[in-house]
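Each chain, written out:
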Amino acid sequence: MKGEHQYDVEVNWEGNLGAGTLDYKSYGRDHRISAAGKADIAGSADPAFRGDAARWNPEDLLVASVSACHKLWYLHLCATSGISVLAYQDNAVGIMREDAQRGGFFTSVTLRPRVTVRDGDDLQLAQQLHEKAHHLCFIANSVNFPIECQPQAVYANS
């Protein structure tokens, strides 16, 4: 796990509507995110910034990255701690604020994972492993805003 890792991603703008960026309203915000061997992601700006609501925007992807990274560490920790996770769903929420000097910036992300574990597993340990997952998460360690985790662990037959 030690070392340096490189991630090559291509972002191609698809928003030239004929006049390029002649003015703020003359161009589309659509783009396509791609990487070798992976499905493309149709992206745009947030609808508040003239983007297409049907496409993923960078803010959505940031919140999804925080959530997915936490989940991956959590599942690993459960697997090595004898907790059998049967289902995992997170309804994560990110808050971004706009500021005249800084532009937009995230002020927080709240993760709300609901984890279903095998009957008889240690629910308290299942809850506690979220804190360790947060401390190990590559994305959480790379951002400058707080990430709160409000986990819930339940048994499969409850």
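Residues numbered from 1 in each chain as written. Predicted model: local features only at pLDDT ≥ 70, side-chain atom pairs only at ≥ 80, totals over all residues. Heavy atoms only, no water.

In the nomenclature of an unreviewed UniProt entry, the chain is known as OsmC family protein of Serratia plymuthica.

### A look at the pairing of strand E2 (residues 31-34)
Across four bridges, the pairing between strand E1 (residues 10-13) and E2 is antiparallel. Along E2, the bridge assignment pairs Asn-12 with Arg-32. Where E2 and strand E3 (residues 41-43) come together, three bridges link them in antiparallel fashion. Within E3, the position partnered with Arg-32 by the bridge is Ala-42. (Pairing = 2+ DSSP bridges. Helix = DSSP H or I, 4+ residues; strand = E, 2+ residues; numbered from the N terminus.)

### What to know about the pattern of salt bridges
Think of it this way: side chains of opposite charge can pair up when their charged atoms draw near. Inspection of the entire model under this criterion finds five salt bridges. A salt bridge links Asp-52 to Arg-55, with the nearest nitrogen and oxygen atoms 4.0 Å apart. Accessibility expressed as a relative area gives 16% for Arg-55, which makes it buried. Between Arg-118 and Asp-121 there is a salt bridge, and its shortest N-O distance comes to 3.0 Å. Using a relative accessible area of 40% as the deciding quantity, one classes Arg-118 as partly exposed. Members of the salt-bridge network, linked through shared partners, are Glu-14, Asp-30, Arg-32, Asp-52 and Arg-55. (Salt bridge = Lys/Arg side-chain N within 4 Å of Asp/Glu carboxyl O. Buried < 20%, exposed > 50% of the residue type's maximum accessible area, 1.4 Å probe, protein only.)

### Thoughts on the sheet that holds strand E9 (residues 152-155)
Taken in spatial order, the three strands of this open sheet run E4-E7-E9, and their pairing is mixed. With partners counted over all chains shown, the strands left at the sheet margins are strand E4 (85-90) and E9, one partner each. Recorded for the sheet is a direction-independent mean angle of 15° between the axes of neighbouring strands. Where E4 and strand E7 (residues 113-117) come together, five bridges link them in antiparallel fashion. Among the inter-strand pairings, Tyr-88 is bridged to a residue of E7, identified as Val-115. Here helix H1 (residues 58-81) sits on the sheet and contacts E4 and E7; the angle it forms with E4, its principal contact strand, is near 160°. (Axes fitted to C-alpha atoms, helices over the stretch in contact; angles between N-to-C directions. Contact = heavy atoms within 4.5 Å.)

### A few points about the sheet that holds E1
Taken in spatial order, the three strands make up an open sheet running E1-E2-E3, and their pairing is antiparallel. Of all strands in the sheet, those bounded by a partner on one side alone are E1 and E3. On average, each strand axis in the sheet is inclined to that of its neighbour by 25°, with strand direction left out of account.

### Side note on helix H2 (residues 123-136)
Between its first and last C-alpha atoms H2 spans 21 Å; for 14 residues at 1.5 Å apiece the expected length is 20 Å, and the two agree. Listed in full, the buried residues belonging to H2 are Ala-126, Leu-129, His-130 and Ala-133. On its buried face, H2 is in contact with H1, E4, E7, strand E8 (147-149) and E9. (Expected span 1.5 Å × (residues − 1).)

### Some words on the environment of Arg-29
Mapped onto the elements, Arg-29 comes out in the loop between E1 and E2. Between the alpha carbons of Arg-29 and Gly-15 there is a distance of 5.3 Å; along the sequence they are 14 residues apart. Not counting the four nearest positions on each side in its chain, Arg-29 is found in contact with Tyr-24, Gly-43, Ser-44, Ala-45, Phe-49, Arg-50 and Gly-51. One polar contact links the side chain of Arg-29 to the main-chain carbonyl oxygen of Tyr-24, over a distance of 2.9 Å. (Polar contact = N/O pair within 3.5 Å; in protein donor to acceptor, adjacent residues only side chain to side chain.)

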